[in-house]
Amino acid sequence: MAADDFGFLDAYAVREIRRALLKALAVPGYQVPYASREMPIARGFGTGGLQLSLSVLLPGDRIKVIDQGADDSVNAVNLRRFIVAACPGVQPVTRTAEATVIQTRHRIPERPLMPGQLMIYQVPYPDPLQIVEPREAERRRMHAEGDYARLWVKLYEDVVRFREVALSNRYPARVHGRYIIDPSPIPRWDLPKLHRSAVPHLFGAGREKKIYAVPPHTAVEPLAFADVPFEVERFRDEQGRRRRCARCQADDTYLDQIPLPGGGSRWQCNDQDACDERLGYPDAR
Amino acid sequence: MIAIDHPWRSDGQRQVFRRLLAAWAEPGSVADIAPWCGGAHASLAVLACLCDAATSFCDADQLLSPTDRSRLAARPAPAGEAAFILADAARPPAWVPERGSLLAPERGATIVLRCQSLGEGAVVALRGPGIAERAALAVSGLHPAWWTARACWCAYPLGVDFVFCDATRLACVPRTTTVGGEES
Amino acid sequence: MGYVAIRGGEGAIAAAVQALEAMRCGAVEPACEPGEPLAIAAVRSQLRLLVDRVIGEGGIYDPVRAAWAIKQAHGDPLEASFILRAWRSQLPRLGETAVHDTRRLRILRRISAAFKDVPGGQVLGPSTDYLQRLFRVELLDESPESFRAAVARLPGAAAEAADFPAVVDALRAEGLLAPVGESEAAVDITREPLVFPIPRPARLAHMARGETGALLAFAYSTMRGYGYLHPTVAELRVGWLPVELPHPLSGELQEAGEALITECQIVATHGTESEPGPPRILLGYGACFGHNETKAIAMAMCDRALMAGEERGARHPAEDSEFVICHIDGIEAMGFCNHYKLPHYVTFASDLENIRASRAKYAEDGDGGG
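Residues numbered from 1 in each chain as written. Chains lettered and ligands numbered in written order. Predicted model: local features only at pLDDT ≥ 70, side-chain atom pairs only at ≥ 80, totals over all residues. Heavy atoms only, no water.

Let us look at the interface of chain B and chain A. Each partner contributes residues to the interface: chain B has 40 residues there, and chain A has 41 residues. Counting each side, the surface lost to burial between chain B and chain A is near 3300 Å², with a carbon and sulfur contribution of 60%. The largest contributions to the chain B side of the interface with chain A come from B:R14, B:R18 and B:E106, which together make up 25% of the buried area. The interface formed by chain B and chain A includes four salt bridges. B:D52 serves as the salt-bridge partner of A:R15, at 3.6 Å between the closest nitrogen and oxygen. At the surface where chain B touches chain A, the tally comes to 19 residue pairs in polar contact (both at pLDDT 80 or more). When contributions to the side of chain B that touches chain A are tallied by element, the ones reaching two or more residues are α1 (10–25) and α2 (42–50) of chain B. The element that contributes the greatest number of residues to the side of chain B that touches chain A is α1(B), accounting for eleven residues. (Contact = heavy atoms within 4.5 Å. Buried area = accessible area lost by both parts, 1.4 Å probe. Salt bridge = Lys/Arg side-chain N within 4 Å of Asp/Glu carboxyl O. Polar contact = N/O pair within 3.5 Å; in protein donor to acceptor, adjacent residues only side chain to side chain. Helix = DSSP H or I, 4+ residues; strand = E, 2+ residues; numbered from the N terminus.)

Encoded structure:
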């Protein structure tokens, strides 16, 4: 069987990914191994997410591709161009509200996701235990037995030493009361959005050859201690006030700090589309 | 050149899978896949979008024609070992499927159950991942032994995943779903 | 300003493509004369060792396409292997060959370091091993005539099909070597998920596609005390292996062509301390597409080290199957290394916020921060 004329991947690769996706949803947070084909995009640049998108897309879908919250940073542009060329009939969009499939690196859109949408994540490190155990065979055993003691010890030692868990992004969370996941390098800010979300979240780690998932309406709880609760990024100024976006004035979004020439910084929304939406899409025709 | 019809066409299989994915992510929801079945039973369309030579398959109640079975290209296997099992929902299971292991829970079988009709018949309440609070699934022509068998087979994260198919539609009950008994 | 392109990523990519194409066409530095466009045939034949590396790491025996990839990749072997492998990953798997016996190799080069002479003889073949690495001035201005004349002077040995008994067979006959165990089924690593522990055939397949330099580094570590290996090259062979495929209709084996391969068997003395019975010589095996002796030898040493690790537990990095196999793929490693050039300002902002929060708590507690 030659390569499918839609979606770049050959029929065997697509079926393997389909099977892995279903089992990933059936065992939320468990990392399903899969063969992971080479793509014409380099490993580390989003091949896992890309393979998932290419496997699920249909003509008529509207895809949004973001990298660090931006639709037209170079990597997002490159991936989107490849997807659109490989999938005739798939429409590229930037507005979160219009997208049916969102492929992302490092962010979840600020706008609440709607039923019918699919979130697809590019994942560099699928295993939260990697920070305490380098050997994969041992990590598989730990997941199998639900043995997360060493991860808890690491968090505890962080709190003792730093008064804070020294994990900013890739913050570990327990899914459906069982498996602990690495939610990919989304900031802490985005982690609560996974909890009882309206949509499925599909994670693809191409280089590490794993697929995992969080179904909709599923409990996702960041690891935390009773006396040291999980906290998201604060974005406070010197007076302790919440910073606002210099562009749309939002004080409830994840911010980019942009250092200015001559000192000082400008803060603005990281999620380009959310910021534009709040401003009523000033650049739209 | 032999023309390829649904459910063997890759474009149709993509359509079926996307609906299967959505239904699987939201247990109990019913998806219509009639346009891509090509007149075949929906259960065959589901198997066609998932199976190939890399998978094992058991046609437990001999529901497929030999032609369709060979076209699936999956390795035949006994029900206790197959990754995919097709069975008649009206007959109680006479076998124990693969439930996976703690190291590989994904090896738990996918059981495709051919039933009379979805949306009619006895209703069960569903709770669990993918369900906001509670969902209801009505399946007619389902032998009640399937629910008791499922309760024995599923001990999370081990277990099996059900796909119910009537002639043109499908609904899923993965292993995470709590089935709360019949409702009136 | 193309890099942190909040706007205008499309334009930045177009400009990058243009600049890249200018460099490929020779705009290397202002005074540089680019010469003629490279012919694929010239790359394939004159940069043969580069081509061989690329077919090995790309994982498909297609030297002409490898040459094409090298030209397109400006000569970067990792990038060229990547282009080739990405193309390869779309090809269907048409079938499986039977096990091929490398005793049928049409020998280009064959040496044994274990013995002064071996049955069948030592065939030095094309080797730089005994050359002084001094610049050859005549290459600065080569005439096409002398170039062609050299081709005609390939020693006859290259074309001679000979039956060379494998050197290790003699050792095996003497009982010094463990008998050949049951053959394990081959593993198609492009189709099977990588789940540890993996069997030896899968390890060998991963190493055969591995990056030469990465394998060399691991092998070198075993030679320098991070391992107990005292290896000897029992046999190193370079030659053309007749490839047989089952006929699509009759199923009968038919020769489909030849593939140039390099094969190495190393022997290491004394075996493991855990093994019962008298000491034995242990084997390590390496093989790869094309002419790449460094890779075949390094792979054989890694194979031996990995078997030692499997038998008695890994004591050194090169004996740890997961550590070695996960880090020798040049294409994956290169991709991930380069991904750090992608913007990371979301995660970095999150890092900064985390540190700020931590510092603020120190300040509130009044006992730190200093």
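Turning to the pattern of salt bridges, a few remarks are in order. Under the criterion given, the structure shown has 64 salt bridges over all chains. Here A:R139 and A:D127 are joined by a salt bridge, their closest N and O atoms 3.0 Å apart. One end of the pair, A:R139, is in helix α4 (residues 136–145); the other, A:D127, is in the loop between β5 (118–122) and α4, with twelve residues separating them in the sequence. Considered together, A:R139 and A:D127 belong to a single accessibility category, that of buried residues. Residue C:R109 is joined to C:D129 by a salt bridge in which the shortest nitrogen-to-oxygen separation is 2.8 Å. Of the two residues, C:R109 sits in strand β1 (residues 106–111) while C:D129 sits in the loop between β1 and α6 (144–151), which places them 20 residues apart along the sequence. One network of salt bridges, in which partners are shared, links A:E38, A:R43, A:K209, C:R85, C:R209, C:D329 and C:E332. (Buried < 20%, exposed > 50% of the residue type's maximum accessible area, 1.4 Å probe, protein only.)

As a further point, take the packing of aromatic side chains. Enumeration according to the criterion identifies 21 aromatic pairs over all chains in this entry. Between A:Y156 and A:F225, the ring centres sit 6.4 Å apart and the planes meet at 75°, which makes this aromatic pair edge-to-face. With a gap of 69 residues between them, A:Y156 in helix α5 (residues 149–162) and A:F225 in the loop between β10 (220–222) and β11 (255–259) connect regions that are remote in the sequence. Accessibility expressed as a relative area gives 22% for A:F225, which makes it partly exposed. Considering the side-chain rings of B:W95 and B:W153, the 5.9 Å spacing of their centres and the 15° angle between planes classify their relative orientation as stacked. You can see B:W95 sitting in the loop between β4 (84–88) and β5 (110–114) and its partner B:W153 sitting in helix α4 (residues 145–153), a full 58 residues away along the chain. In this pair, the class of B:W95 matches that of B:W153, namely buried. Ring pairs connect the aromatic residues B:W95, B:W146, B:W147, B:W153, B:F162 and B:F164, which therefore count as one cluster. (Phe/Tyr/Trp six-rings, centres within 6.5 Å; stacked < 30°, edge-to-face > 60°.)

Our next topic: the sheet that holds strand β6 (residues 173–175) of chain A. All names here are of chain A. With antiparallel pairing, three strands are arranged side by side in an open sheet as β7-β6-β10. Where the open sheet ends on each side, the last strands, each with one partner, are β7 (179–181) and β10. When the angles between neighbouring strand axes are averaged without regard to direction, this sheet yields 35°. Both β6 and β10 contribute to a ladder of three bridges, which runs antiparallel. Across the sheet, residue V175 finds its bridge partner in β10, namely V220. (Pairing = 2+ DSSP bridges. Axes fitted to C-alpha atoms, helices over the stretch in contact; angles between N-to-C directions.)

The next point concerns unusual backbone geometry. Leaving glycine aside, a negative phi is the common case for residues, and trans is the common case for peptide bonds. The residue after B:Y156, namely B:P157, is reached through a cis peptide bond having omega 5°. Looking at the secondary structure, you find B:P157 in the loop between α4 and β8 (161–165). With omega at 0°, the peptide bond leading from C:F196 into C:P197 counts as cis. Residue placement: C:P197 occurs in the loop between α7 (167–173) and α8 (200–208). Positive phi values are uncommon outside glycine, yet B:A73 reaches one of about 70°. In this structure, B:A73 sits in the loop between α3 (66–72) and β3 (75–76).

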